[in-house]
Amino acid sequence: EKPSSARGGGTMAAFSDADMSEWLAKQASLAEGKPEAWVAETASQLASKGFLTPRDLVTLNSGEPLTELGFAQDDADAILTAAESDFSAGYCAALESGAGMDSIDVGFDEGPLKLKFKGIAAAVENTDIILVAGFDSEGGTGPAEASGKIAALDCLAAVNGKPLAGMSFKDAMTAIQEEAFPKTLTFKKSSTATFPAAAPAAPAEDASASASASSGGGSSSAPAEEAVEVDENATQMEGWLDKQGHVNKSWKKRYFVLKTGRLEYYTNEPSEEGSNLQGTISLTGSTLYSLQEPPCAFVVQAIDPSNGSKKAYPIRAANDASRECWVELCRLHGSDALMTGWLVKQGHIIPSWRKRWFVLEPPCKLHYFTSPAGEWKGTIQLKGATITPSNANPKLFQVHTLSGEDKDFSLKADSSGDRDQWVRSCRSVTSGEEEEGEETINNDE
C-alpha cells in the first residue's frame, strides 16, 4: 500500500527532498553487510509500490507492507525505524527554530472524524509526535478529509487549545477522546522549513544519544534487534465497552484492557475483587472496521486459536470519540478492512441465495460470515482471481478463483452502485501476495 499523498503546504513537503536511493546510501546501519547493489535494488523494490522518498514510509504503522515486498522482517523494521527517526529529528529541529512552521486550526462539530493518527518517538523520553497517517475512507469521506485542510504527516499539536506536547501517543488519544464536540484540532505544518538530511549512523554504543538529539542534523537508526524491548503486559488503554455475544446476540458490559498484541476483557476492573477474565482477543493478524449500525460500534476480526478460522468480535463504545480512540490504538497491532458489507451469495450444493456479511481483508482475502458477529462460513482467495460483473443483472458479479474446491462464486449486491464498488475493490487486490498454504475455503452448502 502507498500512504496518502499530502495536499500542498503539508509537513510532508518539508521532509527531506532526497530520493530513496540518496537517502538509503546515507543510512550506514541499513547498508552494513549488504552487497554493493543493495541500495539500488532496495530503492527499486520500494519504488514498485510507490515509496519514492523516505517521507513516503513514515505513515506506515508497521513494516508489514515492506515484508510483502520481499524484505526480511528485521530489514523492514530497520528501514521504517530509520525513516521515523529522521522525521522526528527534522520535525523537532524545525519546531525549535520556528522557521517555516505554521499552525492551522480545524474545527469539527461532530464525529467520527475518520482520521488516522500515528505516534513517533520524540526527542524527550516517553513522548511522541502525533502525526496524520491517513484517512479512514470506509463508508465514504469523513469530515477530516472533507475539510481539505489536513494532509498526511501534519502533526497534531493541540485539541481545543490544550497542548499535546510532552504526551505519549496513548495519552494524546485519550485527551482527544475526553474533549467534547465541537472540538478544534491544531496542526503544525511546514512548507518552507528544510529537514536535515540523514547523517551516517553512529556506532551502536552512541545510537541512543544520537536518537535523542533534538537538533543535531538528523538521527541514526539503531538496528531492529537493538530496539527497546516492549513490555507485553503493559496496559495501553482500558475502560468499559459492550461486547456482543456469538451464541446469545445480546450486548454485555465488559471491562477491556488493551495490551501488546491482544485485548483482554473482564467482568469488572481487574483490580477489583471477584473480577474474572472472560476472554482474550488476539490482535496479531486481525482486521478492524467500524459499523454504521449499531452506532459507536466496531469489529475486531481475529484468528480463532482453537481452529485457525476467522472470528468476529463486535464491540460498542459509549460514543464516537471513544470508538475512534480504541480503533486507533488497536489498529497499531492489526490492519484496516478494505471494504465490508452485506452481499447475497449463491450456494454450491443447494443453489439458493443466502445473505452473508463480507469483509475484504488485505492483502487479498474475502471472508464471509452469517452476520458481523456470526459464524465464519468461508474465505475466497482473490490472488489471481477474475472478477466479472454480469451484463444481464446490474447487481450481480462472479468471482473465479485459482485455488480451492469451489472456484466460482456468484455474489449479488443491494444496488448496481454497490456492485460496482465491490468489483473495483476486489479487482484492486487480485495481484496481492498470497500467503503460503492459503486457498479458497467454502463451508456454505
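Here we summarise the structure given alongside this text. Here the structure is a predicted model, which means the values were calculated and not measured. (Residues numbered from 1 in each chain as written. Predicted model: local features only at pLDDT ≥ 70, side-chain atom pairs only at ≥ 80, totals over all residues. Heavy atoms only, no water.)

Digging into the overall build of the chain
In plain terms, the rule: Only DSSP runs of H or I covering at least 4 residues are called helices, and only runs of E covering at least 2 are called strands; the numbering of each starts at the N terminus. The Shrake-Rupley method, run with a 1.4 Å probe, gives the accessible areas here. Residue values count only the displayed protein chains as cover.
When its secondary structure is counted, the chain shows 10 helices and 22 strands. Of the roughly 20,200 Å² that the chain leaves accessible, carbon and sulfur atoms contribute 47%.

Some details on the packing of aromatic side chains
Both the distance between ring centres and the angle between the ring planes are used here to describe each pair of aromatic rings. Spelled out, the test is: Centres within 6.5 Å make a pair out of two Phe, Tyr or Trp rings, where for Trp the six-membered ring is used; the pair is then stacked when the planes are under 30 degrees apart, edge-to-face when over 60, and tilted otherwise. We call a charge positioned over a ring when the NZ of a Lys or the CZ of an Arg lies within 6 Å of the ring centre and within 35 degrees of the ring normal.
On inspection of all chains with the given rule, the structure shows five aromatic pairs. A connected cluster of aromatic rings, assembled from ring pairs, spans Tyr289, Trp342 and Trp357. Looking at Lys183, its charged tip hangs above the ring of Phe181, at a distance of 4.5 Å from the centre. The positively charged end of Lys253 is found above the aromatic ring belonging to Trp240, 5.0 Å away from the centroid.

Some words on the environment of Phe51
Note the threshold: The buried label applies to any residue whose accessible area, calculated with a 1.4 Å probe on protein chains only, is under 20% of its type's maximum; exposed applies above 50%, and partly exposed to all values in between.
Position of Phe51 relative to the elements: it lies in the loop between helix 3 (38–47) and helix 4 (64–67). By relative accessible area, which is 0% here, Phe51 ends up buried. Note: C-alpha distance between Phe51 and Asp19 (32 residues apart in sequence) is 9.6 Å.

Some thoughts on the environment of Lys189
Along the chain, Lys189 turns up in strand 6 (residues 183–190). Judged by relative accessible area, which is 11%, Lys189 ranks as buried. Distance from Lys189 to Leu153, taken between C-alpha atoms, is 8.5 Å for residues 36 residues apart in sequence.

Here's the deal with the side chain of Lys116
Basically, it comes down to this: Here a polar contact means two N or O atoms within 3.5 Å. Within protein one must be a hydrogen donor candidate and the other an acceptor candidate, and residues neighboring in sequence count only if both atoms are side-chain atoms.
Looking at the secondary structure, you find Lys116 in strand 2 (residues 115–121). A distance of 2.5 Å separates polar atoms of two side chains, one belonging to Lys116 and the other to Asp336.

Here's the deal with the pattern of salt bridges
Which entries qualify depends on this criterion: For this analysis, a salt bridge means a side-chain nitrogen from Lys or Arg found within 4 Å of a carboxyl oxygen belonging to Asp or Glu.
Under the counting rule described, the total for this entry stands at 14 salt bridges. With its nearest N and O atoms 2.7 Å apart, the salt bridge here joins Lys162 to Glu179. Here Glu179 lies in the loop between helix 7 (169–178) and strand 6 and Lys162 lies in strand 5 (residues 162–163), a separation of 17 residues in the sequence. Since its relative accessible area comes to 45%, Lys162 is described here as partly exposed. The buried category is assigned to Glu179, whose relative accessible area is 15%. The partner of Glu328 in a salt bridge is Arg331, with the nearest N and O atoms 3.2 Å apart. Across the pair, exposure class does not vary: Glu328 and Arg331 are buried alike. Taken together, the shared-partner salt bridges in this structure form one network comprising Lys116, Glu328, Arg331 and Asp336.

Treat this as a map of the structure, not an account of what it does.
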